[in-house]
Structures are given as structure tokens and as C-alpha cells.
Amino acid sequence: MKYLDEFSDPALAGKLIDEIKSATSRRWSIMEVCGGQTHSIIRHGIDQLLPDTIEMIHGPGCPVCVTPLETIDKALEIASRPDVIFCSFGDMLRVPGSDKDLFQVKSQGGDVRVVYSPLDALTVARENPDKQVVFFGIGFETTAPANAMTVYQAKRLGIENFSLLVSHVLVPPAISAIMESPTCRVQAFLAAGHVCTVMGTEEYPPLCDKYGIPIVVTGFEPLDILEGIRRTVLQLESGRHELENAYPRAVQGLGNPAAKAMLLDVFEVTDRAWRGIGMIPSSGWRLSHAYREYDAEHRFSVTDIHTEESADCRSGEVLQGLIKPHECAAFGTLCTPRNPLGATMVSSEGACAAYYLYRRLEVTHA
Amino acid sequence: MPETSNGRSVSPATIDMEAWVCPAPLRDSPNIVMGHGGGGAMSGELIEHLFLPAFGPAADAGMGDSAIIEVGGARLAFSTDSFVVKPLAFPGGTIGDLAVNGTVNDLAMAGARPAVLSTAFILEEGTPLDELARVAQAVGTAAMAAGVKLVTGDTKVVDAGHGDGVYINTAGIGLVDPRVDIRPQRAAVGDVVIVSGDIGLHGVAVMSCRAGLEFATTVTSDTAPLNGLVAAMIETGADIHAMRDPTRGGVAATLNEIAKAAKVGISLDERVIPIPAEVRDACGLLGLDPLYVANEGKLIAVVPADDADRVLEAMRSHPYGGRATVIGRCVPEHPGMVSARTALGGTRVVDLPIGEQLPRIC
């Protein structure tokens, strides 16, 4: 496969870092929106190589992390039912709900299955006509088309024993919410490349204008990230605030029109609670009226489950970039990947887990 | 202690590294969960907090994959392993190859020459006989290749739906070479860490044909008996300190175990770890780290720096060690932990896997 090694070349990385250093004349705080980017930054030690004056703030773009506790509890409730086969992406299985996770539901007899493509869940539904098959449809715009395809196909093929537990979230409203927070320190964004692969870039120039911030669409390999940072710094230093696409090999301005058409058909915009952040208006998708019968929340009557987050967990502040993970008192003590208090410690894309996994040496010996 | 490479230090720590253990292990699940079998932290806790207390004074197990028993002046290595791989056949091997090579390798890692194996089969009602025959044939072929005799065995059948076709347990006995003392505790500051070749092949090969995840790859399992390679290494006269085959949990889990047992830090150079492009790609696609992916025909050796050259030379002349490479060193810093210098020049911790590695969402 091409495009992996080529984008982690140390010599090219060194050149980009030099360019960033020579372009930087003062302190800048840049938020990478996507959890995949956070993981890559910490995994490769990119932030250690940047000039001291550039601070990377880790954004709320890990779908596992921002899925509200309430939604996890609904998933646990549904997955525990004897007539249900509950299908999910792997990393949702360890996310703690109020008193357990999906792994424990599985160990107690629940039929919980890891699938790698949402359409595999549809296959499970066809193979098990006497069971209700539910897919845990979470994620940003990136995973939405594949999740939408499941109910689109289910409807077309008349598969009635399939439903979707939906908790989709959207990037642009989150950027607005962060910029409008009174404590906001973010001066520029690396936008999530794969979100833009689906949605295109049209939603972002208005945000650049409204908040006076550069937004650079950025990929995920080390060189992608460094190039995104380089372009962001150049904009900041010259006082520009524009949308730039630093990930043109995957992102086109219009995005993926076929996927967008399907999303428009299957989903409708709704207010959505983000774990650790709270309610953000018009920041999510739910199934549209035409597909409401495939909504697992209604099919299994779990709409009344309401849960509060742990008071010890400061993942909200982490997700907003207000504190670094190790500045939370629970980090590494009450809260570890083994016993996570909040979802940012669960997914490898979560900022807390990334710090725990890769940065304990500095944190402990500093 | 270390600042980051650009001199930035991170905020003062209130965290005591030594106290970083789960305060009440096992409390978070009243049942066995899949992670307990992952070979990582959860497996360790199950042994430490359930099996050992329950076994009481009867338990007398060391840290290694093999026990060393003195019998009539000779040192015997004794080891057992169970095999529950799904699917039964995968590119490059079957559960039968694994069952033999797994136990042969556990014995070899203690410096023993494997001699005899037992084989116990737990069969699921309804399993086609020709499928079982293929597995049994693989057991025989692998035993011949490894030069071990299959001297006793057992067969049980369980109801349909209570097993995945065939489970195999093997146990084995080998004679430990009188010249060696190989155990993880002996790894010492200054030692070099050698891996015998390309990592991640077995795990990727099995994943490539697992239901729901089928992807096209040319990767085949590296399952192989390592007793010949180990014998060649011992013949050099080098004082091999520690040796492990990085199976479940991969290179990362194995190195963490060694670091913990010997109370040394291990520092890796990520750039030189031999990871084939196909493994890197498959892991990139699935969101997995090759350091955590299982191997079935590789070993990690920790040897004094002065012995490294002759050990490497002996390994490279052997068919199963052709790409042997030094990937890191034992260091006085961060005892019990493994760190890696990244290709770009940053550093990171290489932690013990917790349970199972989970493919990421996106």
C-alpha cells in the first residue's frame, strides 16, 4: 500500500519542522479537531518536536469519547436483551456505562459482536431472522455514510429485524461551540481530513470569517500533520484567516456528493449532547422521519434512560482543550485505561488514553 | 528526569509510578471477559489475584513460560499451552502447527531441548472428520520438524455449540542445556534486545481470514519451531540472559514482562524494528500497532552487549533467524517500563496491552 511510509519520512519531517520553527515568532494555540490526529501526534511524538511556542490543544473529535454516557447506557440495556444481537465497532466495547461495559454484557450472556463494517451487521440480521439485530451507529461525518447505508439497504430489502442506535455528531457545530466558550484559547484549527472527504470544505469558510480563525484541512500521517501545522502557522503569522486544504489527496471541495445525498435522505439534524461538553445545538444527526422505524431507541423504548456523568472526570475540560489530561487529579490514579472514568481514557484516540499510553515517562518524572 | 526533546517539561507530577497498580483488581467484572485471555495486564491479574491465592502453598510457579525442575541432577523444562485459534486453518498453518510449535518454543525459551509432547484434543460434536484429520496431520508433521515425540494424549468431545471445532492442549518436557541460565530476571542494564526477524506476521495472517474481516494479503503465519535456532545461539557460548517468544500481546507484552521481571527499563529504536510493509499496511488499516500483534515463530533475546555480534551472526545463519536485528537496549531509566524512540525522533511509552487490542472506529 502506498501513502503510509511516504508520509512518515524523517528527513522530510525535519524540513517541515525547520520551516515551522523559522516561521514562528510568537505563541500560538492550535487545536487538532480529530482524535485520529491526536493519536498520531502523541504516538509519533510530533508535539515534542515543535517549537515551545506552539501548543497543540487536543479537540473533541474522538467519536468514542464524546458519545454520551446516556447513549452507552441505552446500548447496554438493549444489548442485554435475550432477543437481541448487538453489533458494534470494537472500541465501543470497553467504554464504561454507569455500571458496566459491553464486554461485561457479553460475559453475562449478551450476544455482542464486533463488526468491522456496518453492513456486516445487516448480514447478521439476514442470517438471524428470529433475532433483533442492532448496530451502534456512532461517529462523526466520516462513519455516517456507511451507517446510513445500513438502514437504506434494510428498507430497500425489507429487512425488518434491523435497527440503528444512532449518536452521530458533527464537526462544524463543535468548532462554533469551542469558539464561543468564554474560556476559549484556540487560535486556529486543523480540520479533520476524513470528515471533509465526505462533507467537502464548504462549511468551513463561514467559520473562518465569523471567528477570524485559520482552518486547515489536515490528514493523519506525520507529514500530513506537520504540513497542516506549517500552513496554519503561516496564516497566523501573516494575520490571515482562511480555509486551506492540506489534504488534497483525499479531500475535494465538494466532498463525496453521493454520500452526502444519502446522508440527507437518511438523517436529519438534531441537538446532541456531547460527553463531557454538554448539549450543542444542531450538532448531531438522527434518523429522518422516513427511517424512524429503524431507530433502536424507539424500537426498544429506551428513550427514558437519563444518566449523569462522573463528577471526578474532567474529560469535558480536556475535550475543550482547557486542561491537559495529566492535569486532571484522577489521571493515572482513579482513571486508567483499565478502569476508565471517562471515555477519553478508553479509546486509543482519546486524549487521556494517548497521554497515558505514550507519555507517562514525562508526566511522572517531570 | 527527562524533559522532552525540545526542553519542555510537563507539569509537576503528583503521580507515584510505583503505586500505579489497579487498587482492587478483578473488581470491575464479576465474570470472565475476553480480555482475561489476552495475555496482557488482565491475564496477569487473573493469575496473581485469583489463581495463586486459590492454589495456596501448592503453587510454585516462576515467571517463565516453562517451569524448570531438577530431577536426578538434570534440569528439565516443563510447559503447557492451550490452543483455541479461530479459524482452524489460516494462511501459513493450522491449529495443529501452533499446538506443537507453541509448546516447543516455550521449552526452547528456557534453553531446553524439547523431547516429548502430550496432545489433548477437545472436539466439538459435528466437526467433520477430514477437518480433524488435516489438523492431526499438521500435528504430526510439525512434531517431526521440531524433532519431538508425541508420547501421550487424550480426546474428549463436547456438545455441538460448546467449542469451535477443535481445541488442543499440549504439554512438553525438554532437557535444559547445562551451560545456560535463561530467565527474564537476568536481563541487565547494558544488555541488547534482539528480535529474530519480521514481526506481526501470524496475527495479521489470522486476522486476514477471520469472519467479517476478510482482507486480501500475501502475509502468511510465521509459525515455526525455534529449538534449532536457540540451540545455534547457545552453541556460540554467549551468556544469553533472557529469551521469550512474543506470541499473544506481541513484542510489546513480552518486553514489558522482561522489563518488569528484571526491574530494568527497555528502550527501543522504532526505526529498526523489522516490520514488513504488508503488516504495517494491514495494521494501519485496522488501527492496530504491530508491536502488539502476535508472532508464532519469533523470539526476543536479551544478551550482554559484548555477546551481541556472535549471537546475531549465529541467528542470521539459521533459516528462522535470517533477519535478526538489535531493536533496543536495557537502560537504568524507567525500570519496569518500555519506551520507544519514534521514527521522527520523539519518544513514547510502549505499554503492556490491557486486554484485547480493539480495531478502531475510524
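Residues numbered from 1 in each chain as written. Chains lettered and ligands numbered in written order. Predicted model: local features only at pLDDT ≥ 70, side-chain atom pairs only at ≥ 80, totals over all residues.

## Describing the overall build of chain A
Step number 1: Each helix and strand counted, chain A has 16 helices and eleven strands in total.
Step number 2: Scaling as 2.2 N^0.38, a compact globule of 366 residues should have a C-alpha radius of gyration of about 21 Å, and chain A matches this with 20 Å.
Step number 3: Principal-axis analysis of the C-alpha atoms places the extent of chain A at approximately 65 × 45 × 45 Å.
Step number 4: Put simply, chain A has 366 residues, and 58% of those count as buried.
Step number 5: Summarising the internal contacts of chain A: among those between residues at least 6 apart in sequence, 76% fall at separations of at least 24. (Helix = DSSP H or I, 4+ residues; strand = E, 2+ residues; numbered from the N terminus. Rg over C-alpha atoms; globule rule 2.2 N^0.38 Å. Buried ≥ 20, exposed ≤ 12 C-beta atoms within 10 Å, placed from the backbone. Contact = placed C-beta atoms within 7 Å.)

## Observations concerning the confidence of the model for chain B
All names here are of chain B.
Step number 1: Taken over all residues, the pLDDT of chain B has a mean of 87, while the share at 70 or more is 87%.
Step number 2: Scored below 50 in pLDDT, residues 1-27 makes 42 contacts in the model with residues more than four places away or belonging to other chains.
Step number 3: Across the assembled chains, the prediction reports ipTM 0.73 with pTM 0.82. (pLDDT = per-residue confidence, 0-100.)

## Some points on the domain arrangement of chain B
Accessible area lost during the coming together of the parts is what is often quoted as the interface size.
Step number 1: As far as domains go, chain B holds domain 1 (23-58), domain 2 (66-176) and domain 3 (184-349).
Step number 2: A straight line from the C-alpha centre of domain 1 of chain B to that of domain 3 of chain B covers 26 Å. (Domains from an automatic or database assignment.)

## Section: helix α5 (residues 69-79) of chain A
Step number 1: Burial analysis of α5(A) places eight of its eleven residues in the buried class, the great majority of the element.
Step number 2: Regarding α5(A), the residues found buried are A:L69, A:T71, A:I72, A:K74, A:A75, A:L76, A:I78 and A:A79.

## A look at helix α7 (residues 118-127) of chain A
An α-helix turns once every 3.6 residues. As a result, residues three or four positions apart point the same way.
Step number 1: Of all the positions in α7(A), only A:P118, A:A121, A:L122, A:V124 and A:A125 are classed as buried. The buried residues of α7(A) occupy one face: seen down the axis, they fall within an arc of 155 degrees. (Arc of directions from axis to C-beta.)

## Side note on the domain arrangement of chain A
Residues and elements named next belong to chain A.
Step number 1: What the domain assignment reports for chain A is domain 1 (5-54 + 176-238), domain 2 (65-170 + 255-299) and domain 3 (315-361).
Step number 2: A separation of 25 Å is found between the C-alpha centroids of domain 2 and domain 3.
Step number 3: Contacts between the two partners involve ten residues from domain 2, matched on the other side by eleven residues from domain 3.
Step number 4: Counted by class, the side of domain 2 that touches domain 3 contains five nonpolar, two polar and three charged residues. (Nonpolar A, V, L, I, M, F, W, Y, C, P; charged D, E, K, R; others polar.)

## Examining the nonpolar core
Step number 1: Among the nonpolar cores identified, the biggest contains 209 residues, and A:F189, A:A191, B:I194, B:M233, B:L255 and B:A301 are the most heavily contacted of them.
Step number 2: The biggest single contributor to this core is helix α16 (residues 351-365) of chain A, with eight residues. (Core = buried A, V, L, I, M, F, W, Y, C linked by C-beta atoms within 7 Å.)

## Focus on the sheet that holds strand β5 (residues 132-139) of chain A
Residues and elements named next belong to chain A.
Step number 1: Within the open sheet, the six strands sit side by side as β4-β3-β5-β6-β11-β10. Their pairing is mixed. The open sheet has two edge strands with one neighbour each: β4 (111-114) and β10 (267-274). On average, adjacent strands in this sheet sit at an angle of 25 degrees to one another, irrespective of strand direction.
Step number 2: This element, α7, spans β3 (84-88), β4, β5 and β6 (162-169) of the sheet and lies at about 170 degrees to β5. (Pairing = 2+ DSSP bridges. Axes fitted to C-alpha atoms, helices over the stretch in contact; angles between N-to-C directions.)

## Re the packing of helix α8 (residues 144-157) of chain A against helix α13 (residues 257-266) of chain A
All names here are of chain A.
Step number 1: At their nearest, the axes of α8 and α13 sit 9 Å apart, and the two run at 55 degrees to each other. When the interaxial angle is binned, α8 and α13 end up oblique. Crossing hand, α8 versus α13: left-handed. Contacts from A144, P145, A148, M149, V151 and Y152 in α8 reach A259, M262, L263 and V266 in α13. (Parallel < 35°, antiparallel > 145°, perpendicular 65-115°, else oblique. Left-handed = near helix turned anticlockwise from the far one by under 90°.)

## Topic: the environment of B:A160
Residue and element names in this part refer to chain B.
Step number 1: Tracing the sequence through the fold places A160 in the loop between β6 (149-158) and β7 (166-176).
Step number 2: Counting along the chain gives 33 residues from A160 to T127, while the straight-line C-alpha distance between them is 8.5 Å.
Step number 3: Apart from residues lying up to four places away in sequence, A160 is in contact with E124, E125 and G126.

## Some details on the sheet that holds strand β1 (residues 67-71) of chain B
All names here are of chain B.
Step number 1: As summarised here, the arrangement of the five strands in space is β1-β2-β7-β5-β6, forming an open sheet in which the pairing is mixed. In this open sheet, the two edge strands, each paired with only one partner strand, are β1 and β6. Each strand axis lies, on average, 20 degrees off the axis of its neighbour in the sheet, ignoring direction.
Step number 2: As defined by bridge partners, β1 adjoins strand β2 (residues 74-83) across five bridges and the pair is classed as antiparallel. By the bridge assignment for β2, E70 is matched with R75.
Step number 3: Strand contacts of helix α3 (residues 129-146): β5 (112-124), β6 and β7, with the helix running at about 175 degrees to β5, the strand carrying the most contacts.

## What to know about the environment of A:S163
Residue and element names in this part refer to chain A.
Step number 1: Looking at the element boundaries, S163 is found in strand β6.
Step number 2: Note: C-alpha distance between S163 and F135 (28 residues apart in sequence) is 6.5 Å.
Step number 3: Apart from the residues lying within four places of it in its own chain, the contact partners of S163 are V134, Y294, D295, A296 and R299.

## Brief notes about unusual backbone geometry
Residue and element names in this part refer to chain B.
Step number 1: Cis peptide bonds are those with omega within 30 degrees of zero, and the linkage from K86 to P87 qualifies with 0 degrees.
Step number 2: On the secondary structure map, P87 appears in the loop between β2 and β3 (89-90).
Step number 3: Its identity is not glycine, yet K263 carries a phi of approximately 55 degrees, on the positive side.
Step number 4: Examined against the element boundaries, K263 turns out to sit in the loop between α6 (250-262) and β10 (265-269).
Step number 5: A positive phi angle, close to 30 degrees, is found at H334, a residue other than glycine.
Step number 6: Topologically, H334 is positioned in the loop between β12 (325-331) and β13 (338-341).
Step number 7: For H334, a count of 21 C-beta atoms within 10 Å translates into the label buried.

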